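Fold and contact review
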Amino acid sequence: MSVGETPITVVGNLTDDPELRFTPQGVAMARFTIASTPRTYDKASGQWRDGTALFLRATAWREMATNVAESLTKGMRVVVQGRLVQHNWKTEQGENRSMVGLDVDEVGPSLRFATAKVTKVTKAQRNGAAPAARQADPWSTDAPAPVPASTGGWGGAPASGTEEPPF
């Protein structure tokens, strides 16, 4: 993060599925909008009241953009950390316009009201290899292929007769 940037963490719901696009140079970008609505408890009525919703347009880049597009869908509650950025432009009529957006550094599903199963993306997958390459990664969240004891078990450790990692 650079000096003068405005870091922010937003918790809210996606208003639509993330939109995956590519720049003319082939860089992936995913845009999505987060709706964050504050809630306050009214002691007099004994009820929760919704405040005014904040709608924030967010942009994720490169590998994260692809992961966002494949993982998140409309309505999901997410936790997004990033930097506020202001975009300025002129309309065709010469009017100045501006918009505040969020450049995403980290994003994930909120586990407050849901569960999630995380699947690690391997280096081979990031480089466009077939899903079969996933089987060779003992740290992937998919069940690894059994390793014959004659190969030394996990990562070359001495074979112990089990398929469990040595820790």
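Before any of the text, the structure's been laid out above.
All of the points below concern the structure found in this document. Keep in mind it's a predicted model, so treat the numbers as computed, not measured.

1. Examining unusual backbone geometry
- Even without glycine at this site, Arg-62 takes up a positive phi of about 55°.
- Locating Arg-62 in the fold gives a position in helix α1 (residues 62–71).
- Classification of Arg-62 by relative accessible area gives exposed; the value is 56%.

2. Quick word on the pattern of salt bridges
- Counted according to the given criterion, the structure contains six salt bridges.
- Put simply, Arg-21 and Glu-19 hold a salt bridge, and the shortest N to O gap is 2.6 Å.
- Among the residues examined, Arg-21 registers a relative accessible area of 46% and is labelled partly exposed.
- Salt-bridge contacts for Asp-105 lead to Arg-83; the nearest nitrogen and oxygen are separated by 3.0 Å.

3. Thoughts on the packing of aromatic side chains
- Taken as a whole and assessed by the stated rule, the structure comprises one aromatic pair.
- Plain terms: the ring middles of Tyr-41 and Trp-48 are 5.3 Å apart, the flat faces sit at 65° to each other, and that makes the pair edge-to-face.
- By relative accessible area, Tyr-41 is classed as partly exposed at 45%.

4. Some words on the pairing of strand β8 (residues 96–109)
- Here strand β6 (residues 54–61) pairs with β8 via three bridges, running parallel. Looking at β8, one finds that Ala-58 is bridged to Leu-102.
- From the end of strand β7 (residues 77–90) to the start of β8, which pair antiparallel, there are five residues, and Gly-94 there has a positive phi angle of about 85°.

5. Some thoughts on the layout of surface pockets
- Roughly 680 Å³ of volume is contained in the largest pocket.
- Lining the largest pocket we find 22 residues, and of these Asn-67, Ser-71, Val-118, Thr-119 and Val-121 sit closest to its centre.
- Those elements that place two or more of their residues in the lining of the largest pocket are α1, β8 and α2 (123–126).
- With seven residues, the single largest contributor to the lining of the largest pocket is α1.
- Split by residue class, the lining of the largest pocket holds nine nonpolar, six polar and seven charged.
- In this model, the second largest pocket occupies a volume close to 200 Å³.
- The wall of the second largest pocket is formed by Asn-13, Ala-35, Thr-37, Arg-39, Trp-48, Asp-50, Arg-77, Arg-112 and Phe-113.
- Of the residues in the lining of the second largest pocket, the class split is three nonpolar, two polar and four charged.

Criteria and thresholds
- Residues numbered from 1 in each chain as written.
- Predicted model: local features only at pLDDT ≥ 70, side-chain atom pairs only at ≥ 80, totals over all residues.
- Heavy atoms only, no water.
- Helix = DSSP H or I, 4+ residues; strand = E, 2+ residues; numbered from the N terminus.
- Buried < 20%, exposed > 50% of the residue type's maximum accessible area, 1.4 Å probe, protein only.
- Salt bridge = Lys/Arg side-chain N within 4 Å of Asp/Glu carboxyl O.
- Phe/Tyr/Trp six-rings, centres within 6.5 Å; stacked < 30°, edge-to-face > 60°.
- Pairing = 2+ DSSP bridges.
- 1 Å grid on protein atoms, 1.4 Å probe; cavity = no way out; pocket = protein on both sides within 12 Å on 5 of 7 lines; lining within 4 Å.
- Points joined across faces, edges and corners; volume = space filled by probe spheres on them.
- Nonpolar A, V, L, I, M, F, W, Y, C, P; charged D, E, K, R; others polar.

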